Amino acid sequence: MVLKIIKKFWQLIKICLCICLLTGTFYYGYNYLNDSFRTKGVEYNESFHNLPENSMDIIVLGSSHAQYSYVPSFVYQNTGLYSYVLGSACQPLKVSYEMLKEALKTQSPELIILEVYTATPLKLWCMADSCYVLAEYQMRGEEKQNVINMLPEEKAELYKNEFLVNHNNWKDLNDFKEILNQPDREFIDPTFGFVCQDPPEYVDNWWYPNVFKETVDVELDEEDLTALNNIYNLCNENNIEILLYMMPMDGLDVENQSYRYKVWQWAEERNIKYLDFVDLAEKLDYKMRIHNDGAHSLINGSSYISDYLSEYVANEYKFNNHNNDDFLNTLYNKYVNMYSYKVFKSEPVFSKYKNRLEKYSGLLVVGIYNHNEQIDTFVRTVCNEEEYIKNRYVIYKNEIIASGDDYLWCEVNGRYIEIVGNSLRIDNETMNCNRNTIVIFDENGSGYVVK
């Protein structure tokens, strides 16, 4: 009798152990696989939600046109304000509303900048499951569920389970994630939602975006109008101001332009400010194929847009709750020189990169010129020098490290620089420069562009 009881007891123990083993295997396996299969979009969620609470002055909402045109690092350099682009591909306005609710869980911005591409019929070019899925990656809770439920029912059921959402993606997160050496903070993407697109090496033709004077009678889609009103009401409830904008792109015909003007009419009725960069393109000298590939801004074009937005925001809005955070300052500065170098590399107009180099001083500049008044003025402006500068010079962080009329040498950050006549030597590499040449080196000194 006793043996039977002991035998049954051990059988019960084995059953319990098997249950624990199966449960543990499922739990840890699910979490491991779920993390391994996660997509790039999920990481955006971690980035935004790891920001210090109530630190963002500006939240930018909208489609990929917002992601490619608004550079938070440049806006920070121009204004000192903190901003984040919570954009996503073809983000419908009703999704922008859910994204705003998501943002307000942890942030209290004083300005919402909304890009309104998806208020026009052009949105039909790209409307697909991805315009909901890529947005919901950045959300949690009710807002995430609301966006998933915008999908057809059978697809919504699939996306309700994160493992099923991501099962086709094997560790592509590892190619995207950049862990910063900040032990007290989790991962924050230092691009703050901006997507940088390099221009082509050469463009043989360009044009300003088409602007049509005539319009046709249109009415905003009912869903879009409801979403705009919801965004407006939610911002009012939270004492947040709104700025709308629209980017240049191919395909803006009379009908689509009429929808754009309909949005501006809606804004004017509510005293909401807006910027139409289609109409402003010629004023900014923003050209298709040089500053925009036909759909999205290239890095030099986004610098134009961000600089204009910076000046406009600084003049038109007051920010009373801005916090100065050393950690965030470091992150915003991280990409300033990198993006500036890309602008210099692609910008064909001297005055444009001259203006940017005067503002952003972290790059190494080596120059040769022979009594060129424009370059002489440029050098004196960058270095705040009143006196005439010699013909060969090296500038780093707004200081002339060395200069000479025909010969100079110096060492900057462990790099040896020598100029003899028109021959420039950097370490062991020598190049022959023409008269009136500026050589700009990237932040690591490993790449350069000759102007």
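Details of the structure are given in the entry above.
These figures come from a predicted structure and were not determined experimentally.

Parameters at a glance
Residues numbered from 1 in each chain as written. Predicted model: local features only at pLDDT ≥ 70, side-chain atom pairs only at ≥ 80, totals over all residues. Heavy atoms only, no water. Buried < 20%, exposed > 50% of the residue type's maximum accessible area, 1.4 Å probe, protein only. Helix = DSSP H or I, 4+ residues; strand = E, 2+ residues; numbered from the N terminus. Contact = heavy atoms within 4.5 Å. Disulfide = S-S within 2.5 Å. Pairing = 2+ DSSP bridges. Axes fitted to C-alpha atoms, helices over the stretch in contact; angles between N-to-C directions. Left-handed = near helix turned anticlockwise from the far one by under 90°.

A.B. asks: Break down helix H4 (residues 72–79) for me, with residues and values.
C.D. replies: A turn of α-helix holds 3.6 residues, and therefore any two residues three or four places apart point the same way. Regarding H4, the residues found buried are Pro72, Ser73, Phe74, Val75 and Tyr76. Buried residues along H4 sit against strand S2 (83–87), helix H13 (299–316), helix H14 (326–334), helix H15 (336–346) and helix H16 (350–359). Count one or two residues on from H4 and you reach Gly80, which has phi positive near 80°.

A.B. asks: I'd like to hear about the state of the cysteines, residue by residue, with values.
C.D. replies: Summed over the entire model, instances satisfying the criterion amount to zero disulfides. With no disulfide of its own, Cys131 lies closest to Cys90 among cysteine sulfurs, the gap being 6.3 Å. Judged by relative accessible area, Cys131 falls into the buried class, the value being 1%.

A.B. asks: Account for the sheet that holds strand S4 (residues 241–246), with residues named and values stated.
C.D. replies: Strand order in the open sheet formed by five strands is S2-S1-S3-S4-S5, and the pairing between neighbours is parallel. The sheet is open, and its two edges are formed by S2 and strand S5 (273–276), each paired on a single side. In this sheet, neighbouring strand axes are inclined to one another by 20° on average, regardless of whether the strands run parallel or antiparallel. With four bridges connecting them, S4 and S5 associate as parallel partners.

A.B. asks: Please provide a residue-by-residue account of the packing of H4 against H14, values included.
C.D. replies: Two quantities define a packed helix pair, namely the angle between the axes and the distance from one axis to the other. For the pair H4 and H14, the least separation of the axes is 8 Å and the interaxial angle reads 115°. Of the two possible hands of crossing, H4 and H14 adopt the one that is left-handed. Taken together, the residues of H14 that come into contact with H4 (itself represented by Pro72, Ser73, Tyr76 and Gln77) are Asn329, Tyr332 and Asn333.

These values are about where atoms sit, not about what they do.
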